[in-house]
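A look at the structure
Okay, here's what each chain looks like letter by letter:
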Amino acid sequence: MTNRIPTRWRSVLPHLSEPLPPDRTPPRSGDGSGEIKINIPTELIRHSVSEREYWDIPGPVAERYRQYRPTPLWRARGFEEAVGARVPVYVKNEGVNISGSHKLNTALAQAYYYRKAGVKELVTGTGAGQWGTAMAAACALFGLRCRVFMVESSLRRKPYRGVLMRMLGAEVHASPSGLTKVSAKEDPAAGNSLSLAIGEAVEYAADHDQVAFCIGSGETYSILHQSVIGLEAEEQLAELDAEIGAVVGCVGAGSNFGGIALPFHATARAAGTDGPRLVAAESSSTPKLTRGVYAYDKTDATGSGPMEAMYTIGSDYRIPDAHTAGLRFHGAAKLISAMRHSGDIDAMAVSQADALDAGRLLARHENVLPAPESGHALAAAARVAASPDASGGVLVCVSGHGYLDLGAYEHFLAGGLEDQSPPDEALARAVAGLPRVGTHP
């Protein structure tokens, strides 16, 4: 199979059914307090708003990509048989770099652009720890300091994520940390909010010179950088003469799903065809795309950034604890949300028990251990492939490995998992005050 990697990222923005809804200024207190400005390099802003379709990958970033790309793609025949698939299932494995996930694709790009902009330190929030590890690795390669606020319950379960980040030179704080004003408002016993970890990073960066906040999943520029996944997959599948009827990825905010799926959408739109079905697999405990509302909501606990149009279950909703920390974000990226709203994306909710069972099957029959988050995509892919009306093969992205998630699999094998799907009335309360997209501020 080819050893070529993409030399350009591909944007889906020119191929959307409708333009992205504009962001809104968040409400402010009467004294003007609470406003925090986030500085983003101009090039990343261009990646998010320009109608330009192709963007050259900078040489230093491409050089680092060549250390682990192209990532493997194969037909998973053993997994097919185990799940009763009626069509072929192809797996694209992004867990083959030091961070253990697809997150390094955008972390490298962001570190490069922030370094060019004169930033000395990057600070971020992370749930499962894959993004924090990727950012730590990218900062090490591009000579930047790195600080990570990681969801406390996830860091407690996966302490070696913290060890790896510190090995790469990062400072790691469990969130709530007590270092920020936003964390002081939280119940220290909760420790389960990715929104809070991001909010702490936003506040910390705003309070320190030559320090910038960066984020890995929901931003449009991040999804652009992840397009290397789908672009590679298109070429690899062509070599296999494989016909694809569906593309599946898991969704926390949406970067790995966007990376694997949106290049297929762009190719189909450019050719004037329908293209494969795009299926976003989410956690049933955080069901923004399947049970949320399309509304303007804040992206982190500070509420300092712009209000974005997203499918959300409410930024203040207390998400139940789970082993799939990377999916426990209240909203989907505005790009993914807009495509869901226009009918270009389907969504499927998966329980963590079903996700970990799908991960067990992939490990047993393909000798690849996926992260629990990726198990959601595998479970959804199994449903699609086993459906009586399945047509064409199913491509699924394994966004990361599960070697630092063995505690979750141990819990699963012991039969101790309990899924907590939000009650309808709780979701209704959490989104009651949010302005729906299409209404005036």
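Above: the structure in question.
Residues numbered from 1 in each chain as written. Predicted model: local features only at pLDDT ≥ 70, side-chain atom pairs only at ≥ 80, totals over all residues. Heavy atoms only, no water.

**Examining the overall build of the protein chain**
When you go through the protein chain residue by residue, the secondary structure sums to 18 helices and 14 strands. For a compact globule of 441 residues, the expected C-alpha radius of gyration is about 22 Å, and the protein chain comes in at 20 Å, within 12% of that figure. Projected onto its principal axes, the C-alpha positions of the protein chain cover 60 × 50 × 50 Å. Counting every position in the protein chain, which comprises 441 residues, the buried fraction comes to 60%. When the accessible surface of the protein chain is split by element, carbon and sulfur atoms take 48% of a total near 17000 Å². Within the protein chain, one finds 42 positive and 48 negative side-chain charges whose respective centroids are separated by 3 Å. (Helix = DSSP H or I, 4+ residues; strand = E, 2+ residues; numbered from the N terminus. Rg over C-alpha atoms; globule rule 2.2 N^0.38 Å. Buried < 20%, exposed > 50% of the residue type's maximum accessible area, 1.4 Å probe, protein only. Areas by Shrake-Rupley, 256 points an atom, 1.4 Å probe, with all protein chains shown as cover. Lys, Arg positive; Asp, Glu negative; His and termini not counted. Charge placed at Lys NZ, Arg CZ, Asp CG, Glu CD.)

**As for the sheet that holds strand 7 (residues 171–175)**
Taken in spatial order, the 4 strands line up as 7-6-5-8 in an open sheet, and their pairing is parallel. Edge strands, defined here as strands with exactly one partner in the open sheet, are strand 7 and strand 8 (211–213). Each adjacent strand pair in this sheet contributes to an overall mean axis angle of 20 degrees, direction not counted. In terms of strand pairing, strand 6 (residues 145–151) meets strand 7 through 5 bridges, oriented parallel. Following the sheet pairing, Met150 is matched in strand 7 by Ala174. Where helix 5 (residues 130–142) meets the sheet, it contacts strand 5 (121–126) and strand 6, and its direction lies at approximately 165 degrees from that of strand 5. (Pairing = 2+ DSSP bridges. Axes fitted to C-alpha atoms, helices over the stretch in contact; angles between N-to-C directions. Contact = heavy atoms within 4.5 Å.)

**Let's talk about a nonpolar patch on the surface**
Nonpolar side chains collect at one region of the surface, where Ile40, Ile45 and Val49 lie side by side and expose about 250 Å² of accessible area between them. Summarising the element assignment, Val49 is placed in helix 1 (residues 42–49). Overall, Val49 belongs to the exposed group, its relative accessible area being 59%. (Patch = residues over 30% accessible without salt bridge, like charges linked within 9 Å, V, L, I, M, F, W, Y side chains within 5 Å. Salt bridge = Lys/Arg side-chain N within 4 Å of Asp/Glu carboxyl O.)

**Brief notes about the pairing of strand 10 (residues 277–283)**
Walk down a regular strand and you will see the side chains alternate between the two sheet faces. The element strand 10 is extensively covered by neighbouring structure, given that 6 of its 7 residues are classed as buried. Examined bridge by bridge, strand 9 (residues 244–250) and strand 10 share 5 bridges and lie parallel to one another. Within strand 10, the residue paired with Cys250 across the bridge is Ala281. Note on the crossover from strand 9 through helix 12 (residues 255–271) to strand 10: the handedness is right-handed. Relative to strand 13 (residues 346–350), strand 10 runs parallel, the two being bridged by 5 bridges. Paired with Glu282 across the two strands is Ala349, which belongs to strand 13. (Right-handed = clockwise from strand over helix to strand, strands pointing away.)

**Comments concerning the environment of Asp209**
Here Asp209 lies in the loop between helix 9 (194–206) and strand 8. Classification of Asp209 as exposed rests on a relative accessible area of 72%. Considered as a pair, Asp209 and Glu121 are 88 residues apart in the sequence and their alpha carbons are 9.0 Å apart.

**Focus: the packing of helix 15 (residues 352–366) against helix 16 (residues 372–386)**
Across the interface, helix 15 lies against helix 16 with an axial gap of 7 Å and an inter-helix angle of 85 degrees. Regarding the angle of helix 15 to helix 16, the classification is roughly perpendicular. The residues of helix 16 that touch helix 15, namely those facing Gln352, Asp354, Ala355, Leu356, Ala358, Gly359 and Leu362, are Pro372, Gly375, His376, Leu378, Ala379 and Arg383. (Parallel < 35°, antiparallel > 145°, perpendicular 65-115°, else oblique.)

**Quick word on the sheet that holds strand 9**
Read across the open sheet, the 6 strands follow the order 3-4-14-9-10-13; overall the sheet is mixed. Two strands lie at the open edges of the sheet, namely strand 3 (73–75) and strand 13, each paired on one side alone. Ignoring which end each strand starts from, the neighbouring axes of this sheet average 25 degrees apart. Pairing between strand 3 and strand 4 (residues 89–93): 3 bridges, direction antiparallel. Across the sheet, the residue bridging to Arg75 is Tyr90, located in strand 4. Strands strand 3, strand 4, strand 9 and strand 14 (393–398) of the sheet are contacted by helix 11 (residues 227–239), whose axis makes an angle of about 135 degrees with strand 4. In this fold helix 15 packs onto strand 3, strand 4, strand 13 and strand 14, with an angle of close to 90 degrees to the strand it touches most, strand 13.

**A few points about helix 7 (residues 159–167)**
Each turn of an α-helix holds 3.6 residues, which means side chains three or four residues apart point in the same direction. Buried residues of helix 7: Arg161, Gly162 and Met165, and no others. Along the long axis of helix 7, the arc covered by the buried residues comes to 100 degrees, so they all point the same way. Opposite the buried face of helix 7, by more than 90 degrees, sit the exposed residues Tyr160 and Met167. Buried residues along helix 7 sit in contact with helix 5, strand 6, helix 6 (152–157) and strand 7. Directly beyond the C-terminal end of helix 7, a positive phi value near 100 degrees is found at Gly169. (Arc of directions from axis to C-beta.)

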